[in-house]
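A look at the structure
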Amino acid sequence: TRRYTPADAPKEHLFALHDGLGLSRCVVVQATCHGTDNRALVDALRAAGGRARGVAAVGPGATPADLDRLHAAGVRGVRFNFLRRLADPPSPDHVLAVADRVAPLGWHVALYAEAADLDRLVPLMKRLPTAIVIDHMGRPDVAAGVDGVGFRRFVALMAELPALWTKVSGPERLSRAGPPDYRDAVPFARRLVERFPDRVLWGTDWPHPNMTSHLPDDGHLVDLIPRVAVTEAARGALLVDNPERRYWDAG
């Protein structure tokens, strides 16, 4: 039932990329094209030997034993995709039912949605019993600027809900200026890092599925980090302390 077929991206390429970039650990997120078949994700986590955690996709038929096996493999979150071009959005009842089942495991709920859809998800977010991670800064319209109405609403939502985290990732998906510096997307990430230093996460989003304009150079994305987190303390929180707390201290 997938709506796209990505290029091959074997775990060996992922590990080689991380070695080249100097990354010691990572979080692997289940791709929408795999649906709720998490076998490739689990295989990568096991091959990483404790250096990776995962975010899975869980269907309504998942049993407690299924969740325990995912947890033992290193899964610490469950993801729901609300981008209609990639998947049929799940119902709020389904999201809540799964969240209730994974909350005792210490998992979080990851939500991927367009900025225009986030307002409609706020009632759901307020009912979730878990921490929540929003992909790609809520996909703001960079043309409107960091002081635009849409991004201001997202920042206000982050301030209102202490369970809300976000990934300051995806500049290659949001930018209109393009590579190598994605200069129009950087201020959004910097604003979130400065306002919510203990609730931001970073990633390159490799292998960049569904990128039609260009294939990003992950080295260029790493080069943006000092412009997003401008102090050593901010970089330590973004790259080490926050992921440690969210994924490795979660059980």
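Owing to the predicted nature of the structure, the values given are computational and were not obtained by experimental measurement.

1. Topic: the overall build of the protein
Of the regular secondary structure elements, the protein holds eleven helices and seven strands. At 17 Å, the protein has a C-alpha radius of gyration in line with the 18 Å of a compact globule built from 251 residues. Structurally, the protein occupies a C-alpha span of about 45 × 40 × 35 Å along its principal axes. Here the protein holds 251 residues, and the buried ones make up 50% of them. Intrachain contacts of the protein at a sequence separation of at least 6 include 73% that bridge at least 24 residues. Entry remark: accessible area of the protein is about 11,900 Å², with carbon and sulfur atoms responsible for 52%.

2. Considering helix α4 (residues 92–102)
His94, Val95, Leu96, Val98, Ala99 and Val102 are the residues of α4 that are buried. The inward-facing, buried residues of α4 contact α3 (64–73), β3 (75–81), β4 (108–112) and α5 (115–127).

3. Quick look at the pattern of salt bridges
Inspection of every chain in the model, using the stated rule, returns 16 salt bridges. A salt bridge links Arg39 to Asp37; the nearest nitrogen and oxygen atoms lie 2.7 Å apart. For Asp205, the salt bridge is made with Arg173, and the minimal N-O distance between the two is 2.8 Å. With Asp205 in the loop between β7 (200–201) and α9 (218–223) and Arg173 in helix α7 (residues 171–174), this residue pair connects regions lying 32 residues apart in the sequence. A relative accessible area of 26% means that Asp205 is categorised as partly exposed. A single salt-bridge network, built from bridges that share partners, covers Lys11, Glu12 and Asp43.

4. Section: unusual backbone geometry
At the junction of Pro179 and Pro180, the peptide bond is cis and its omega measures out at 5 degrees in the coordinates. Following the sequence through the fold, Pro180 ends up in the loop between α7 and α8 (186–195). With omega at 10 degrees, the peptide bond leading from Trp206 into Pro207 counts as cis. Counting through the fold element by element, Pro207 comes out in the loop between β7 and α9. Despite not being glycine, Tyr182 shows a phi value in the positive range, around 45 degrees. Topologically, Tyr182 is positioned in the loop between α7 and α8.

About the criteria used
- Residues numbered from 1 in each chain as written.
- Predicted model: local features only at pLDDT ≥ 70, side-chain atom pairs only at ≥ 80, totals over all residues.
- Heavy atoms only, no water.
- Helix = DSSP H or I, 4+ residues; strand = E, 2+ residues; numbered from the N terminus.
- Rg over C-alpha atoms; globule rule 2.2 N^0.38 Å.
- Buried < 20%, exposed > 50% of the residue type's maximum accessible area, 1.4 Å probe, protein only.
- Contact = heavy atoms within 4.5 Å.
- Areas by Shrake-Rupley, 256 points an atom, 1.4 Å probe, with all protein chains shown as cover.
- Salt bridge = Lys/Arg side-chain N within 4 Å of Asp/Glu carboxyl O.

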